[in-house]
Amino acid sequence: MALLSSSKGVVISLPVLVLSGAAFSFVFLFFLFSSPPPCNCPVTPTTAAVGGGGGSRSGTREGISTSSEDIEWVKKQIEGNGLHMADNVLRKGINPRTRQQQLQDLLQFKGISHYEGEQPSNHTALPCPGELLVEEHHSNYGEPWAGGRDVFEFLAESAHLTPNSQVLEIGCGTLRVGLHFIHYLNPEHFHCLERDELSLMAAFRYELPSQGLLHKRPLIVRGEDMDFSKFGSGTMYDLIYASAVFLHMPDKLVWVGLERLAGKLKPLEGRIFVSHNIKFCSRLRGEECTKRLNDLGLEYIGKFTHDSLLFNHYEIWFGFRRFRA
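Residues numbered from 1 in each chain as written. Predicted model: local features only at pLDDT ≥ 70, side-chain atom pairs only at ≥ 80, totals over all residues. Heavy atoms only, no water.

## Here's the deal with the overall build of the chain
Part 1: Across its full length, the chain carries 10 helices and 11 strands.
Part 2: For the chain, the proportion of its 325 residues judged to be buried stands at 41%.
Part 3: A separation threshold of at least 6 residues defines the contact pool for the chain, and within that pool the share at least 24 residues apart is 69%.
Part 4: Taken as a whole, the chain presents about 18800 Å² of accessible surface, with 56% of it coming from carbon and sulfur. (Helix = DSSP H or I, 4+ residues; strand = E, 2+ residues; numbered from the N terminus. Buried < 20%, exposed > 50% of the residue type's maximum accessible area, 1.4 Å probe, protein only. Contact = heavy atoms within 4.5 Å. Areas by Shrake-Rupley, 256 points an atom, 1.4 Å probe, with all protein chains shown as cover.)

Rendered as structure tokens:
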């Protein structure tokens, strides 16, 4: 039997050395061939594309900062819609005040700017009235502001929307729901008709800038007469929806609006969703409502109950589709 001796006098037999090497090779091969197969899971991109602006701009753009073109765009929207609200003229800090104290300060001083310096530079790029800065418009609804996300998910799934879909909201208010559509859809693919000036100011001067969505270029038009001519004659929508808006309109105006909307809804796959009730239809006798809808190329597709998992409430929506070109 051969013996090996180390420099420190430790004696190792050759068979032991051979057996140890064989054991090590067996363990190594076991782990090598028994390891799990490579994962086929989707890889999360290391960089995310940010949606681009309208017109000549592409669907993506580099960076996330608001550009000077964004500021000029929103100013033109405010001017084009004839919105008038006083600019900031005095600087007044709001912290560390309570929300109510902030509102009183801002009402008294007619605005806010945190910039120090001479009067010409003592202002913000988008002057904003105090009641918007303390987010009072978030309390103008019968459910939490975050409920807008709930409604967006329900409508987007019901209408099988994609980012390339075209959406029109009648009465988008302060964009409680619209913000989520604007974020999801491609630039210029969200349109809205709204009549209330303060709501429009909240949308343009507060919500869109604060959410970083100016580059999405939503088309929001001031109006209350169901006139959709400013949205372009060739625009066809995958989804048109009105949340509790038709409740406050005369039936005659609702039917005028439906007639105009029928020509803007994509045949078969396009959907109109109306929340709460359809008094404009139920007040007609017998089959008169169905006949009038059919004359417009529309048909009633059903009653939908939207159950909110987040806020423990439900909402009724009624759906229509355009069945002929």
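## What about the pairing of strand S11 (residues 313-322)?
Part 1: Of all the 10 residues making up S11, 7 are buried; the element is thus mostly covered by neighbouring parts of the structure.
Part 2: In this sheet, S11 lies alongside strand S9 (residues 271-275) in antiparallel orientation, the contact comprising 5 bridges. Note that in S11 the partner of Arg271 across the bridge is Arg321.
Part 3: Here strand S10 (residues 298-308) pairs with S11 via 10 bridges, running antiparallel. In the strand pairing of S11, Ser308 is matched with His313.
Part 4: Counted between consecutive antiparallel strands, the loop separating S10 from S11 contains 4 residues, among which Asn312 sits at a positive phi close to 55°. (Pairing = 2+ DSSP bridges.)

## A short note on the layout of surface pockets
Part 1: Its volume calculated, the largest pocket comes out at about 800 Å³.
Part 2: What lines the largest pocket is a set of 31 residues, and nearest its centre among them are Gly171, Glu194, Ser243, Ala244 and Val245.
Part 3: Within the residue set of the lining of the largest pocket, elements represented by two or more residues are strand S5 (167-170) and strand S6 (190-194).
Part 4: Class assignment for the residues of the lining of the largest pocket results in 12 nonpolar, 11 polar and 8 charged. (1 Å grid on protein atoms, 1.4 Å probe; cavity = no way out; pocket = protein on both sides within 12 Å on 5 of 7 lines; lining within 4 Å. Points joined across faces, edges and corners; volume = space filled by probe spheres on them. Nonpolar A, V, L, I, M, F, W, Y, C, P; charged D, E, K, R; others polar.)

## Describing unusual backbone geometry
Part 1: Positive phi, close to 55°, is recorded for Met226, a residue that is not glycine.
Part 2: Structurally, Met226 can be placed in the loop between strand S7 (219-222) and strand S8 (239-242).
Part 3: Even without glycine at this site, Ala244 takes up a positive phi of about 65°.
Part 4: For Ala244, the location among the structural elements is in the loop between S8 and helix H8 (251-262).

## Looking at the confidence of the model for the chain
Part 1: Overall, the prediction assigns the chain a mean pLDDT of 77, with 67% of residues at 70 or greater.
Part 2: In this model residues 1-19 is a low-confidence stretch, pLDDT under 50, and it forms 12 contacts with partners more than four residues away in sequence or in other chains.
Part 3: Below pLDDT 50 for its whole length, residues 35-59 participates in 32 contacts with residues either more than four positions away or in separate chains. (pLDDT = per-residue confidence, 0-100.)

## Some details on the pattern of salt bridges
Any two side chains of opposite charge can pair, on the condition that their charged atoms come close.
Part 1: Counting across every chain of the model gives 7 salt bridges.
Part 2: A salt bridge links Arg195 to Glu224; its shortest N-O distance comes to 3.5 Å. Placement of Arg195 in the loop between S6 and helix H7 (197-210) and of Glu224 in the loop between S7 and S8 is noted, with a sequence separation of 29 residues between them.
Part 3: The class of Glu224 is exposed, set by a relative accessible area of 52%.
Part 4: The closest approach of N and O atoms between Glu299 and Arg321, which form a salt bridge, is 2.3 Å. Linking Glu299 in strand S10 with Arg321 in strand S11, this pair joins segments that are 22 residues apart in sequence.
Part 5: Given a relative accessible area of 23%, Glu299 falls into the partly exposed group. (Salt bridge = Lys/Arg side-chain N within 4 Å of Asp/Glu carboxyl O.)

## Description of the nonpolar core
Part 1: Counting residues in each nonpolar core, the largest one holds 37 residues, and the members touching the most others are Phe181, Phe190 and Tyr241.
Part 2: Looking at this core element by element, the count peaks at 6 residues for H7.
Part 3: Among residues more than four places away in sequence, those in contact with Phe181 are Phe152, Leu155, Leu161, Val167, Phe190, Leu239 and Tyr241.
Part 4: Among the nonpolar cores identified, the runner-up in size contains 30 residues, and Leu193, Ala262, Val274 and Cys281 belong to it. (Core = buried A, V, L, I, M, F, W, Y, C linked by side-chain atoms within 4.5 Å.)

## Notes on the side chain of Ser308
Part 1: Structurally, the position occupied by Ser308 is in strand S10.
Part 2: Under the relative-accessibility criterion, Ser308 is labelled buried at 7%.
Part 3: There is a polar contact of 2.4 Å between the side chain of Ser308 and the side chain of Asp150.
Part 4: Every residue in contact with Ser308, bar those within four places of it in the chain, is listed here: Asp150 and His313. (Polar contact = N/O pair within 3.5 Å; in protein donor to acceptor, adjacent residues only side chain to side chain.)

## A short note on helix H5 (residues 147-158)
Part 1: In this model, H5 (12 residues) spans 17 Å end to end at C-alpha, consistent with the 16 Å of a helix rising 1.5 Å per residue.
Part 2: Of the residues making up H5, those classed as buried are Gly147, Gly148, Asp150, Val151, Phe152, Phe154, Leu155 and Ala156.
Part 3: Packing partners of the buried residues in H5 comprise helix H6 (178-184), S8, S9, S10 and S11.
Part 4: Once H5 ends, the next one or two residues include His160, with phi positive near 55°. (Expected span 1.5 Å × (residues − 1).)

## Describing the packing of aromatic side chains
Part 1: The full count for this structure, using the stated rule, is 13 aromatic pairs.
Part 2: Ring geometry for Trp255 versus Phe280: centroids 5.6 Å apart, planes at 80°, classification edge-to-face. With Trp255 in helix H8 and Phe280 in helix H9 (residues 279-282), this pair connects stretches of sequence that are 25 residues apart. Grouping residues by exposure puts Trp255 and Phe280 together as buried.
Part 3: Put simply, the rings of Phe152, Phe181, Tyr184, Phe190 and Tyr241 pair up and form one aromatic cluster. (Phe/Tyr/Trp six-rings, centres within 6.5 Å; stacked < 30°, edge-to-face > 60°.)

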